[in-house]
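Geometric and topological summary
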Amino acid sequence: MGIEETVTLNNGVKMPRIGLGVYKSGNDTLQAVKWALEAGYRMIDTAAYYQNEALVGQAIRESGIPREQIFITTKMWNTAQRDNKQEQAFKESLQLLDISYIDLYLIHWPVPGKFTDTWKYMEDFYASGKVRAVGVSNFLVHHIEELLTSSGTIPAVNQFECHPFLTRNELRSYCASKGIVVEAWSPLGRGAVLESRTLQEIAKKHRRTPAQITIRWDYQNSIITIPKSVNQQRITENASIFDFSLSDDEVETISDLDTGITNQDPDNFTF
């Protein structure tokens, strides 16, 4: 298998196991997405908050690759939830991406007092056929539990911060028990994990980069991953993780780097 490998979501939709993240890619988004598609990536992860949905859509159109071969994820931002503009936000994302449907639409953060109402909108978007799968981002166990008290629709995906310094074992196990696919944002810990001596030593042994070792760790832990880069060489390298494997001991050693420290707490955010 290779970069074309997929995982089947709880509604039967197939989602690539590796994609390109474009958070803070800015004006470099257009070229980064084109390079990723040239390198074989078939999943691009954006969000309304990133303000680059239009560039993602442009890159996909200019690539010449049929739309149905590319998996597009975007997310509803918090202000749309607080202002009760969920429907407007969804339409704006479709318009900016200039596509007729979104492959995966996520609630970006669990805005207190709002996310259960927003989930009802997500169910409507899914029922309309304009979304192939709906999910959540940055939801902890208790957020999902609250969601499920008022809905029978289980999220297809939960995307959250996850990397060797923040393994989130309990949350990952819970999601697996519910049939929710786990996806990591900041899979390289905003670059911090690349400085790990442990990862550097394992990388040297395999003649790989620390980033490749980390992404392979994701893969062997059944974590979908979306490393962000605007550098063509690194974009290509990040997807080249299918011709080697980590031993069970190496996977465990990497997992032991967990500190439990998060960059953003889903229970305490003001943005």
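Keep in mind it's a predicted model, so treat the numbers as computed, not measured.

For the coordinates displayed, the defined rule picks out 12 aromatic pairs. Measuring from ring centre to ring centre gives 4.0 Å for tyrosine 49 and tryptophan 77, while their planes differ by 20 degrees; the resulting arrangement is stacked. With tyrosine 49 in the loop between strand S4 (43-45) and helix H2 (53-63) and tryptophan 77 in the loop between strand S5 (71-76) and helix H3 (78-82), this residue pair connects regions lying 28 residues apart in the sequence. According to the relative accessible area criterion, tyrosine 49 is partly exposed, its value standing at 41%. It is arginine 67 that lies over the ring of tyrosine 101; its NZ or CZ is 4.1 Å from the centre. Over the aromatic face of phenylalanine 244 sits the side chain of arginine 216, whose NZ or CZ is 5.9 Å from the ring centroid.

Before going further, it helps to examine the packing of H2 against helix H4 (residues 86-97). At their nearest, the axes of H2 and H4 sit 7 Å apart, and the two run at 40 degrees to each other. When the axes of H2 and H4 are compared, the pair comes out oblique. Listed contacts from H4 to Glu53, Ala54, Val56, Gly57 and Arg61 of H2 are Ser93, Leu96 and Leu97. Looking at the contact of H2 with H4, its residues break down into 4 nonpolar, 2 polar and 2 charged.

On to the pattern of salt bridges. It is possible for side chains bearing opposite charge to pair when their charged atoms get close. Applying the stated rule across the entire model yields 9 salt bridges. Two residues, aspartate 103 and arginine 67, come together in a salt bridge whose shortest N-O distance is 2.8 Å. Remark: arginine 67 occurs in the loop between H2 and S5 and aspartate 103 occurs in strand S6 (residues 102-107); sequence separation between them is 36 residues. Judged by its relative accessible area of 1%, aspartate 103 is buried. By relative accessible area, which is 17% here, arginine 67 ends up buried. A salt bridge links arginine 132 to aspartate 103, with the nearest nitrogen and oxygen atoms 2.8 Å apart. Within this pair, whereas arginine 132 is found in strand S7 (residues 131-137), its partner aspartate 103 is found in strand S6, the two being separated by 29 residues in sequence. For arginine 132, a relative accessible area of 32% corresponds to the partly exposed category. Through salt bridges with shared partners, a single ionic network connects Arg67, Asp103 and Arg132.

A few words on the sheet that holds strand S10 (residues 224-225). Across the sheet, which stays open at both edges, the 8 strands sit in the order S3-S4-S5-S6-S7-S8-S9-S10 with parallel pairing between neighbours. Every interior strand has two partners, whereas the edge strands, strand S3 (20-21) and S10, have only one. The sheet contact formed by strand S9 (residues 181-185) and S10 spans 2 bridges and is parallel. Residue pairing for S10: glutamate 183 is matched across the bridge by isoleucine 224. Contacts from helix H5 (residues 115-127) reach S5, S6 and S7, with the element oriented near 165 degrees to S7.

Attention now moves to the nonpolar core. Generally speaking, a soluble globular protein has its nonpolar side chains buried in company with each other. Core analysis: the biggest nonpolar cluster contains 67 residues, and Leu20, Val33, Tyr41, Tyr105, Met122, Ile213 and Leu246 have the highest contact counts within it. What valine 33 contacts, discounting residues up to four positions off in sequence, is Leu20, Val22, Ile44, Val56 and Ala59.

Further remarks concern the environment of serine 137. Relative to the helices and strands, serine 137 resides in strand S7. Judged by its relative accessible area of 0%, serine 137 is buried. On a C-alpha basis, the gap between serine 137 and valine 157 in space is 7.9 Å, while along the polypeptide they are 20 residues apart. Discounting residues that sit within four places of it in the chain, serine 137 has contacts with Leu106, Ile107, His108, Trp109, Pro110, Asn158, Gln159 and Trp185. Within the structure, serine 137 has its side chain in polar contact with the backbone oxygen of histidine 108 (distance 3.4 Å).

Each value, and the rule that gives it
Residues numbered from 1 in each chain as written. Predicted model: local features only at pLDDT ≥ 70, side-chain atom pairs only at ≥ 80, totals over all residues. Heavy atoms only, no water. Phe/Tyr/Trp six-rings, centres within 6.5 Å; stacked < 30°, edge-to-face > 60°. Helix = DSSP H or I, 4+ residues; strand = E, 2+ residues; numbered from the N terminus. Buried < 20%, exposed > 50% of the residue type's maximum accessible area, 1.4 Å probe, protein only. Lys NZ or Arg CZ within 6 Å of the ring centre and 35° of its normal. Axes fitted to C-alpha atoms, helices over the stretch in contact; angles between N-to-C directions. Parallel < 35°, antiparallel > 145°, perpendicular 65-115°, else oblique. Contact = heavy atoms within 4.5 Å. Nonpolar A, V, L, I, M, F, W, Y, C, P; charged D, E, K, R; others polar. Salt bridge = Lys/Arg side-chain N within 4 Å of Asp/Glu carboxyl O. Pairing = 2+ DSSP bridges. Core = buried A, V, L, I, M, F, W, Y, C linked by side-chain atoms within 4.5 Å. Polar contact = N/O pair within 3.5 Å; in protein donor to acceptor, adjacent residues only side chain to side chain.

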